[in-house]
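Chain by chain, the residues:
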Amino acid sequence: MNTVTLVGNAGGNVELLKFDKAKKASFSLATNERFKQNNEEKTVTSWHNIIAWGKMAEQCESLISKGKFVKVEGKLVYRNYMNKDNQKVYVTEIQAYKVEEVNRQA
């Protein structure tokens, strides 16, 4: 089963692309992992690329703004393309099925 659940802060506002019959939203999401190392608390931040299509894209556009704390449920999507230097670029994204604002816990 290909499922992902992430909770973190939006890295910026949603970028919305409009096609003939579809809309695609994309935004970045920062998640933090906290742990202790040598009695010192450390935080590691990971950045994730989130995409959404159709009605979910429209919901993201109205909900997401830079810094907003959200929960994203979706699946991993992999794609690749050739860049202008004729090199293959690999991209990993989370295709969102559900996005909702959540309250921060202390």
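My aim in this report is to walk through the structure given alongside it, one point at a time. (Residues numbered from 1 in each chain as written. Predicted model: local features only at pLDDT ≥ 70, side-chain atom pairs only at ≥ 80, totals over all residues. Heavy atoms only, no water.)

### A word on the overall build of the protein chain
Then, in step 1: Across its full length, the protein chain holds one helix and six strands.
Then, in step 2: Traced from its N-terminal end to its C-terminal end, the protein chain shows the element sequence β-β-β-β-α-β-β.
Then, in step 3: Expressed along its principal axes, the backbone C-alpha trace of the protein chain runs to roughly 55 × 35 × 30 Å.
Then, in step 4: In the protein chain, buried positions account for 29% of the 106 residues.
Then, in step 5: Summarising the internal contacts of the protein chain: among those between residues at least 6 apart in sequence, 56% fall at separations of at least 24.
Then, in step 6: Working note: accessible area of the protein chain is about 7800 Å², and carbon and sulfur atoms make up 44% of it.
Then, in step 7: If the 17 positive side-chain charges of the protein chain are averaged to one point and the 12 negative ones to another, these points end up 2 Å apart. (Helix = DSSP H or I, 4+ residues; strand = E, 2+ residues; numbered from the N terminus. Buried < 20%, exposed > 50% of the residue type's maximum accessible area, 1.4 Å probe, protein only. Contact = heavy atoms within 4.5 Å. Areas by Shrake-Rupley, 256 points an atom, 1.4 Å probe, with all protein chains shown as cover. Lys, Arg positive; Asp, Glu negative; His and termini not counted. Charge placed at Lys NZ, Arg CZ, Asp CG, Glu CD.)

### Describing the pattern of salt bridges
Then, in step 1: Summed over the entire model, instances satisfying the criterion amount to five salt bridges.
Then, in step 2: Of the charged contacts in the structure, one is a salt bridge between Lys42 and Glu40, with a shortest N-O distance of 3.9 Å.
Then, in step 3: Assessed through its relative accessible area of 46%, Glu40 is described here as partly exposed.
Then, in step 4: As a salt-bridge pair, Glu93 and Arg79 come within 3.1 Å of each other at their nearest N and O atoms. Of this pair, Glu93 sits in strand β6 (residues 88–101) while Arg79 sits in strand β5 (residues 69–82), and the two are 14 residues apart along the sequence.
Then, in step 5: Under the relative-accessibility criterion, Glu93 is labelled buried at 6%. (Salt bridge = Lys/Arg side-chain N within 4 Å of Asp/Glu carboxyl O.)

### Comments concerning the environment of Val99
Then, in step 1: By the secondary structure assignment, Val99 is in strand β6.
Then, in step 2: Classification of Val99 as buried rests on a relative accessible area of 13%.
Then, in step 3: Linking Val99 and Ile50, residues 49 residues apart in sequence, is a C-alpha distance of 10 Å.
Then, in step 4: Not counting the four nearest positions on each side in its chain, Val99 is found in contact with Met56, Cys60, Leu63, Ile64, Val70, Lys71 and Val72.

### Structural notes on the side chain of Lys24
Then, in step 1: As for its position among the elements, Lys24 is in strand β3 (residues 23–37).
Then, in step 2: One buried charged residue, Lys24, remains without a salt bridge, the closest side chain of opposite sign being Glu93 at 4.5 Å.
Then, in step 3: When near neighbours in sequence (up to four residues on either side) are disregarded, Lys24 contacts Glu15, Leu16, Leu17, Phe19, Ile51, Ala52, Trp53, Ala57 and Glu93.

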